[in-house]
Amino acid sequence: MNKVSQILVGGALGLSILTAASAADPKPQDTVDYRKSVYTIIGWNFAPIGAMMKGEVPFDAAAVVRHAQYVEMMSKAAPEGFTKGSGPDAVKDTEAKPEIWTNWDKFEAKMNDFQQEAAKLTEVAKGGNEGAIKAQFGKTAETCKACHKAFRKD
Ligand code: HEC
């Protein structure tokens, strides 16, 4: 093996070891950044649906579908953001309560509720019926509130 390919192989190995380590054991701060990003995207997409439901902006069925799809997708991405050891004891800049990890079953149930209602919201949105969308938006919003009340600091 010449020197160049030795370096290349070594580099590739080093990289794969690094990747494996970070995938299996993310740093607490990275996990917090990840979950905040996920919730930022959720909020970004949920708010305009809310504004339409309140009549603040005109109803746009296609936009509701698009935003609902992002919320649904991010609801599936959210659980990964709560690895053990990423609570307020490890990271200062988080609003996640320690109860998430001491009461994991309840937290997971709230996450499931959210995922189910978000999936239904996409389904209902595709139907284009404003009244039905409004009702399902309300149910989905309840799942945000329920989890924040129990597991997020005010
Ligand atoms: C299963 C629990 C759970 C559900 C469901 C949930 N959230 Fe959250 N959310 C959290 C937690 C915990 C945090 C705090 C994250 C942190 O600071 O580490 C958070 C933070 C946020 C943030 C702030 C993000 C930031 O940058 O700090 C927004 C915005 C948000 N959620 C919106 C929503 C909306 C909108 C919904 C529903 C459509 C929702 N959340 C559903 C648990 C939940």
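None of these values were measured; they are calculated from a predicted model. (Residues numbered from 1 in each chain as written. Predicted model: local features only at pLDDT ≥ 70, side-chain atom pairs only at ≥ 80, totals over all residues.)

(A) Highlighting the overall build of the protein. The secondary structure content of the protein amounts to 6 helices and 0 strands. The order of helices and strands in the protein, counted from the N terminus, is α-α-α-α-α-α. Scored against the burial criterion, the 154 residues of the protein give a buried share of 23%. (Helix = DSSP H or I, 4+ residues; strand = E, 2+ residues; numbered from the N terminus. Buried ≥ 20, exposed ≤ 12 C-beta atoms within 10 Å, placed from the backbone.)

(B) Quick peek at the site of the ligand. In the vicinity of the ligand, 23 residues are found, and the nearest of them are Y39, G43, F114, C144 and C147. Of all the secondary-structure elements, those providing two or more residues to the shell around the ligand are α2 (28-53), α5 (104-127) and α6 (130-151). Split by residue class, the shell around the ligand holds 12 nonpolar, 6 polar and 5 charged. (Near = placed C-beta within 6 Å. Nonpolar A, V, L, I, M, F, W, Y, C, P; charged D, E, K, R; others polar.)

(C) View of the confidence of the model for the protein. Here the protein averages 91 in pLDDT, while 84% of its residues score no lower than 70. Segment residues 17-22 is flagged for pLDDT under 50; beyond a separation of four residues in sequence, or across chains, it makes 0 contacts in the model. (pLDDT = per-residue confidence, 0-100. Contact = placed C-beta atoms within 7 Å.)

(D) Layout of the UniProt feature "binding site: heme c" (unreviewed entry) in the protein. In this structure's numbering, the residues bearing the UniProt feature "binding site: heme c" (unreviewed entry) are C144, C147 and H148. Looking at the secondary structure, you find C144 in helix α6. Its location among the elements puts C147 in helix α6. The contact partners of C147, leaving out residues within four places of it in the chain, are K110 and F114. (UniProt positions renumbered as here; feature names shortened; annotations may be inferred.)

(E) Layout of the nonpolar core. Within the largest apolar cluster, 16 residues are counted, with the highest numbers of intra-cluster contacts made by I49, V64, A68, V71, L121, A125 and I133. Listed by contribution, the elements that provide at least two residues to this core are α2, α3 (61-77), α5 and α6. If one sorts the elements of this core by residue count, α5 sits on top with 5 residues. Residues A96, I100, F107 and F151 belong to the second largest nonpolar core, which totals 5 residues. (Core = buried A, V, L, I, M, F, W, Y, C linked by C-beta atoms within 7 Å.)

(F) Spotlight on the packing of α5 against α6. Running from N to C, α5 and α6 cross one another at 160 degrees; their axes reach a closest spacing of 9 Å. Here α5 is positioned roughly antiparallel relative to α6, judged by the angle of their axes. For the crossing formed where α5 meets α6, the hand is left-handed. Where α5 abuts α6, its residues F107, K110, D113, F114, E117, A118, K120, L121, V124, A125 and G127 lie against A132, I133, Q136, F137, K139, T140, T143, C144, A146, C147, A150 and F151. Within the contact of α5 with α6, the residues separate by chemical class into 14 nonpolar, 4 polar and 5 charged. (Axes fitted to C-alpha atoms, helices over the stretch in contact; angles between N-to-C directions. Parallel < 35°, antiparallel > 145°, perpendicular 65-115°, else oblique. Left-handed = near helix turned anticlockwise from the far one by under 90°.)

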